[in-house]
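Given next are the chains, with one letter for each unit.
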Amino acid sequence: MDRIEHRRLSVWAGLLVGALITAPLLALFALGAALLRFPLIPTDLVDWMARTLPGNVITAGIDFMKSLIVGFQLGRTDVVAKLIEQAFGYAMLFGLGVITTAAVYRLLNGSLDRQRINLYTLGSGALLGVIAVLIHLSLPFPSTVDPLLRAIWIIALFLGWGAAMGWIYYDLTRLPVVKSETASAQQLDRREFLVRIGGATATLTVLGGGLSLLMTPREESVDSDTISAPPPTPEPIVSIDNPGDPTLEAAPGTRPEYTPLDQHYRIDISTFPPNIDGTTWTLPITGLVGNALNLTLKEIRDNYPARDLIITMSCISNEIGGDLISTTRWTGTPLKGILEQLAIQPEGRFLKITAADGFDEYLDLAIPMNDESVILCYDWDGQPLKQKHGFPLRIHIPNLYGMKQPKWITAMEVVDEWREGYWVRRGWSRDAVVRTTSVVDTVATNGVYERDGQTFVPVGGIAYAAVRGIVRVEVSVNNEPWQEAQLRAPLSDRSWVIWRYDWPFSAGRHTFRVRAVDGTNDPQIESREGVRPDGATGIHERAANLEA
Ligand SMILES: Nc1nc2c(c(=O)[nH]1)N[C@H]1C(S)=C(S)[C@@H](COP(=O)(O)O)O[C@H]1N2
Ligand SMILES: [Mo]
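Residues numbered from 1 in each chain as written. Chains lettered and ligands numbered in written order. Predicted model: local features only at pLDDT ≥ 70, side-chain atom pairs only at ≥ 80, totals over all residues. Heavy atoms only, no water.

Draft legend 1. Here's a closer look at unusual backbone geometry. Residues phenylalanine 391 and proline 392 are joined by a peptide bond in cis, for which omega reads 5°. In this fold, proline 392 is placed in the loop between β8 (383–384) and β9 (394–396). Of note, the amide linkage connecting arginine 532 to proline 533 takes the cis form, showing an omega dihedral of 5°. In this model, arginine 37 sits at a positive phi of 60°, which is unusual for a non-glycine residue. Within the secondary structure, arginine 37 is located in the loop between α1 (11–36) and α2 (41–52). Even without a glycine there, the phi angle at alanine 343 is positive, about 50°. Following the sequence through the fold, alanine 343 ends up in the loop between α9 (335–339) and β5 (350–355). (Helix = DSSP H or I, 4+ residues; strand = E, 2+ residues; numbered from the N terminus.)

Have a look at this one:
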């Protein structure tokens, strides 16, 4: 007589079931986020880790990500990094779900005691759900969905996941390991059962995931009633002490002098940028002041003078020759005009700036009081800031890397003491003053020309020293003596400059190196230094094989 065997489940069965039930969990989170703006726990996990883990761990992670992107040439650093972050979040939650399921199955050890099964499976769902709720609610992001509803959604999905774990466990444990001769023809064995479950959860995952991809909005919506026309393409500035030539043409292959808005780099601490409603947003300015203010976006736009600046901004994480640097037109109002209305008390010396994503920075009040180019900015390239670039309000502080310049500003407070800002607390530069840099963008073999019997190859790129400006760029080919390059007049007193050097051609493999001198006659630092903590230094070079 055949006996139906009920052995306890293998570890593999636990891992497999874990994968089968966690995949649709992820898909449902994605679907809820896309359709109803419900929380996306996988990326919340990443954003929470980014804020919680020690600065050097985060930096090591970012470095690893950057080396993957550069090493495998995956594309734009900022765009690919955000994709990797998302993938990492899904992978983490997936791994957690799989391992938890395997562990629970192991603990249950073949038991068919219903109560015990419920305790373990629903219990682990509830536990993960509560942790997820705490992580989600600890993040500062504004949401249009009621927090209670968000918590219920998270708990419900995790409880459903735990319940599925329990049902599958119960049925699977009762089934025979191999179909016996005498068992009825309808009876499944474990393998068949798992195949059916797999089919069902795969369908759910593909449907949920696919639908959420379809429903994810391509361009963020911006809540603003003032959409101004984009400004005309800027002309280079021409001034007495400007060493550049406004008519100089960039060598073919040089990056655009004015970055198209959709190509401007983006760096921040969140997988998805905070979504702020510009119609209800206000800017409270409080602290050591006689006259606190609370300004609407419309008041900032209408009641204060507007100022346009073309600004090159760089991330302190930009490697020599990297792509985390861009130029666009910023429009906003000098911070000074607002500060003057506050009746700041004598002890008030610094401005604490807080942002919607939990980012913060401190600014010495002497800086905006002495420099009206410190602006609170609401337009980029003649349009309200894109969500990812800080809608509704960000600040420009000359001469500093991006890490000192908060986006999505939600509050400002006058204080008597300087404190470390978000990235400074995580081990980055206290001052974050831009370091002079220069880059060879192109050795333009498609721009070769002849003059007086000599062939020339245009070589070109950018040089940048923020408001210090660039007075000189030099090129060295194959370690020959440095030759002065031509400069194009820059778009502004704080934009990069385009340089060009027409090199007398000779066949072979050549290395082109570039260096720059800033407006204070300080040459760029030539020795190599990584980005952390003060920003990268070193000479950029580009090699080219040139045939006769
Ligand atoms: N609120 C907030 N502001 C922020 C950041 C951030 O993560 N949160 N990142 C800073 C950094 S490191 C840089 S380089 C710039 C980038 O601005 P962008 O993404 O608009 O180019 O924003 C700065 N302002
Ligand atoms: Mo940055």
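Draft legend 2. Representation of the pairing of strand β18 (residues 508–518) in the model. In terms of strand pairing, strand β14 (residues 470–477) meets β18 through 7 bridges, oriented antiparallel. Pairing of valine 473 across the sheet is with alanine 516, part of β18. Bridge analysis of β18 against strand β19 (residues 540–546) gives 7 bridges, and the strand direction is antiparallel. Across the sheet, glycine 508 pairs through a bridge with leucine 546, a residue of β19. (Pairing = 2+ DSSP bridges.)

Draft legend 3. Representation of the sheet that holds β14 in the model. Read across the open sheet, the 4 strands follow the order β15-β14-β18-β19; overall the sheet is antiparallel. Pairing within the sheet leaves two strands with one partner each, and these edge strands are β15 (483–484) and β19.

Draft legend 4. Examining the pairing of strand β6 (residues 360–364) more closely. Along β6, 4 of the 5 residues are buried, which leaves the element largely enclosed by surrounding structure. Here β5 runs beside β6; their pairing, made up of 5 bridges, is antiparallel. Each bridged residue has a counterpart across the sheet, and for lysine 352 the counterpart in β6 is tyrosine 362. Counting the residues between successive antiparallel strands, the hairpin from β5 to β6 contains 4 residues, one of them, glycine 358, with a positive phi of roughly 90°. (Buried < 20%, exposed > 50% of the residue type's maximum accessible area, 1.4 Å probe, protein only.)

Draft legend 5. Geometry of the confidence of the model for the protein. Put simply, the protein has an average pLDDT of 93, and 92% of its residues get 70 or more. Low pLDDT, under 50, characterises residues 221–227; the stretch is placed with 17 contacts to residues that sit more than four places away or in other chains. (pLDDT = per-residue confidence, 0-100. Contact = heavy atoms within 4.5 Å.)

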